[in-house]
Amino acid sequence: MPGKNYQNLKEEVWDTGICSGCGACVAVCPADAIIFTRDENGDSPVQTGYCKEVTDNVPCGACYTVCPRTATEEKNRMEKTGLGEYTDIFAAHSGFAVEKRQSGGAVTAILANAIEEGLIDAVVTVTADPWTQKPQSVVITQTEVVIAKAGSRYAWWVPTLAALKSAVVTQKIETIAVVGVPCAVSAARIMKTSDHDLLRPFGRAIRLIVGLFCTETFDYEMLINDKIVREMEIEPWQIAKLDVRGKLIIETTDNAVREIPLDALGDCVRRGCHACGDLTAVDSDISAGSMGSPDGETTLIIRTSAGVGFVDHATETGRLVVRKDACDLKGIIRLSQIKAERIHT
Ligand SMILES: Cc1cc2nc3c(=O)[nH]c(=O)nc-3n(C[C@H](O)[C@H](O)[C@H](O)COP(=O)(O)OP(=O)(O)OC[C@H]3O[C@@H](n4cnc5c(N)ncnc54)[C@H](O)[C@@H]3O)c2cc1C
Ligand code: SF4
Ligand code: SF4
């Protein structure tokens, strides 16, 4: 986007409170000059001083171009709702044990198969520290680590795509799968389709974009430290699994289950989520959610030829087991309409 730089990003996205925290701007800034800092609104991006374009008059604008929430992308953002375009939808589960899987372990099965069979060299995703539950943006290159790190992270702490810089620029990994919630997926898709010189290396390396359905994410400090540790007196390391199914369900390591109604978590929802109408990650190659499938299965929405290829390969090797007749789309359609109303009313 010639002529637009972080100052425009600040004016249109950071200062208006619609930044999703996806971290794409952090990943692509060639000067490493965008970081997240905590203020009264949670964690938000700031520019730390040097900018190629503003300081030295060298054309850049990578941060502005990659952001799905700028005024330039406004029309696209408003259209990203509903089920999106797809070629197939079905239920699926992993054909091997995935102890920490969130739903059917289908996402882990597809990723593990892709690494094991040499289709990709790395996965960029979000894991969590088991002691603090703090999410981390990471690059994973080993199948056993992908399997060990299955499960959903509902709390937000880091710019989620930040590790892409390490993968593409530092480690020079050439084939990568990105896993993310819809806002991160939209930024990854911009990287893949943009002709901006500084985004092209990212676009070339990203071979698969896996989107997770998402209604909202929660500020880490407010969810884990305020609600769960202080109010419920559950230590982070005692959390075995978090799940959102109409309420937040907390399974603890002593096999107890505690719940928080979603109404009680309104304050913890990240500010940028209120500007998001995309439930199903319409910009992905493959989207995955728990809704619409029986317990123990993942709903997969296949959108692109890349998505078809990765799923077919995992099915052929037996790592992914597909159940074509097990999905019911009514709940997904209803919730995606409710989410779209957030930005259209
Ligand atoms: C914040 C959030 C909200 C969600 N909301 C819904 C919802 O409302 N309805 C619904 O049906 N499904 C929702 N999901 C998706 C659901 O929880 C499962 O992720 C999905 O069903 C896939 O399950 P699986 O067993 O196949 O994945 P698994 O095999 O467990 O693999 C999950 C993969 O996702 C990665 N991952 C986990 N959290 C994140 C994150 N925050 N950012 C990037 N990568 C991550 C993991 O590293 C792992 O590779 C949500 C997920 C998240 C993270
Ligand atoms: S939405 Fe993403 S790319 Fe845009 S400013 Fe926020 S973190 Fe950066
Ligand atoms: S609702 Fe989910 S996809 Fe949308 S901005 Fe929040 S975290 Fe991102």
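Residues numbered from 1 in each chain as written. Chains lettered and ligands numbered in written order. Predicted model: local features only at pLDDT ≥ 70, side-chain atom pairs only at ≥ 80, totals over all residues.

Comments concerning unusual backbone geometry
Item 1. One non-glycine residue, N57, adopts positive backbone phi at about 60°.
Item 2. On the basis of neighbour count, N57 is assigned to the exposed category, with 8 C-beta atoms found within 10 Å. (Buried ≥ 20, exposed ≤ 12 C-beta atoms within 10 Å, placed from the backbone.)

A short note on the pairing of strand 11 (residues 247-252)
Item 1. The pairing of strand 10 (residues 239-244) with strand 11 spans five bridges and is classified as antiparallel. Residue L242 lies in a different strand from strand 11, and its bridge partner there is I250.
Item 2. Between strand 10 and strand 11, which follow one another and run antiparallel, lie two residues, and G246 among them has a positive phi close to 75°.
Item 3. In this structure, strand 11 lies alongside strand 12 (residues 257-261), joined through five bridges in antiparallel fashion. (Pairing = 2+ DSSP bridges. Helix = DSSP H or I, 4+ residues; strand = E, 2+ residues; numbered from the N terminus.)

Brief notes about the site of ligand 3
Item 1. For ligand 3, the full set of nearby residues is S20, V181, P182, C183, C214, E216, T217, R270, G272, C273, C276 and D278.
Item 2. Here the residues of the shell around ligand 3 are counted per class, giving six nonpolar, three polar and three charged. (Near = placed C-beta within 6 Å. Nonpolar A, V, L, I, M, F, W, Y, C, P; charged D, E, K, R; others polar.)

Let's talk about the site of ligand 2
Item 1. The local shell around ligand 2 holds 15 residues, among which C19, C22, A24, C25 and C67 are the closest.
Item 2. Only helix 1 (6-14) and helix 2 (24-28) provide two or more residues apiece to the shell around ligand 2.

Here we look at the packing of helix 6 (residues 106-116) against helix 12 (residues 305-316)
Two quantities define a packed helix pair, namely the angle between the helix axes and the distance between the axes.
Item 1. Contact geometry for helix 6 and helix 12: axes closest at 9 Å, N-to-C directions at 85°. Compared by their axis directions, helix 6 and helix 12 come out roughly perpendicular. In this structure, helix 6 contributes A109, I110, N113 and A114 to the contact, and helix 12 contributes F310, V311, H313 and A314.
Item 2. Grouping the amino acids of the contact of helix 6 with helix 12 by side-chain chemistry returns six nonpolar, two polar and no charged. (Axes fitted to C-alpha atoms, helices over the stretch in contact; angles between N-to-C directions. Parallel < 35°, antiparallel > 145°, perpendicular 65-115°, else oblique. Contact = placed C-beta atoms within 7 Å.)

Digging into the domain arrangement of the protein
Item 1. The domain boundaries assigned to the protein delineate domain 1 (6-77), domain 2 (81-217 + 271-344) and domain 3 (218-268).
Item 2. One C-alpha centre belongs to domain 2, the other to domain 3, and the line joining them spans 23 Å.
Item 3. Residue-level contacts link 12 residues of domain 2 with 11 residues of domain 3.
Item 4. Of the residues contributing to the side of domain 2 that touches domain 3, the split by class is seven nonpolar, four polar and one charged. (Domains from an automatic or database assignment.)

A word on the sheet that holds strand 5 (residues 135-140)
Item 1. Read from one edge of the open sheet, eight strands run 5-4-7-8-13-14-3-15, paired in mixed fashion. The open sheet has two edge strands with one neighbour each: strand 5 and strand 15 (320-323). This sheet shows a mean twist of 30° between the axes of neighbouring strands, independent of strand direction.
Item 2. Of the strands in this sheet, strand 7 (176-180) and strand 8 (206-212) touch helix 9 (residues 182-193), which is tilted by about 160° from strand 8.

A word on helix 11 (residues 220-231)
Item 1. If you check helix 11, its first and last C-alpha atoms are just 14 Å apart, much less than what 12 residues at 1.5 Å a residue would give, namely 16 Å.
Item 2. When helix 11 is considered as a whole, its buried residues turn out to be Y220, L223, I224, K227 and I228. Down the axis, helix 11 shows its buried residues gathered within 135° of arc, on one side only. Facing away from the buried side of helix 11 by over 90 degrees, the exposed positions are R230 and E231.
Item 3. On its buried face, helix 11 sits against strand 5, strand 6 (155-156), strand 9 (218-219), strand 11 and strand 12.
Item 4. Of the residues flanking the end of helix 11, it is E233, one or two places downstream, whose phi is positive at about 55°. (Expected span 1.5 Å × (residues − 1). Arc of directions from axis to C-beta.)

Details of the nonpolar core
Item 1. Counting residues in hydrophobic clusters, the biggest one holds 100 residues, and the most contacted among them are C63, V66 and I110.
Item 2. Counting residues per element, this core draws most heavily on helix 6, which supplies eight residues.
Item 3. If we ignore the near neighbours within four places in the chain, the residues touching I110 are V210, I286, F310, V311, A314 and L320. (Core = buried A, V, L, I, M, F, W, Y, C linked by C-beta atoms within 7 Å.)

Structural notes on the sheet that holds strand 10
Item 1. What the three strands build is an open sheet, ordered 10-11-12; its pairing is antiparallel. Unpaired on one side and paired on the other, strand 10 and strand 12 mark the two borders of the sheet. Adjacent strand axes in the sheet meet at a mean angle of 20°, parallel and antiparallel pairs treated alike.

Overview of the environment of A31
Item 1. Tracing the backbone shows A31 in the loop between helix 2 and strand 1 (34-39).
Item 2. Judged by the 19 C-beta atoms lying within 10 Å of it, A31 is partly exposed.
Item 3. Apart from residues lying up to four places away in sequence, A31 is in contact with Y50, C51 and K52.

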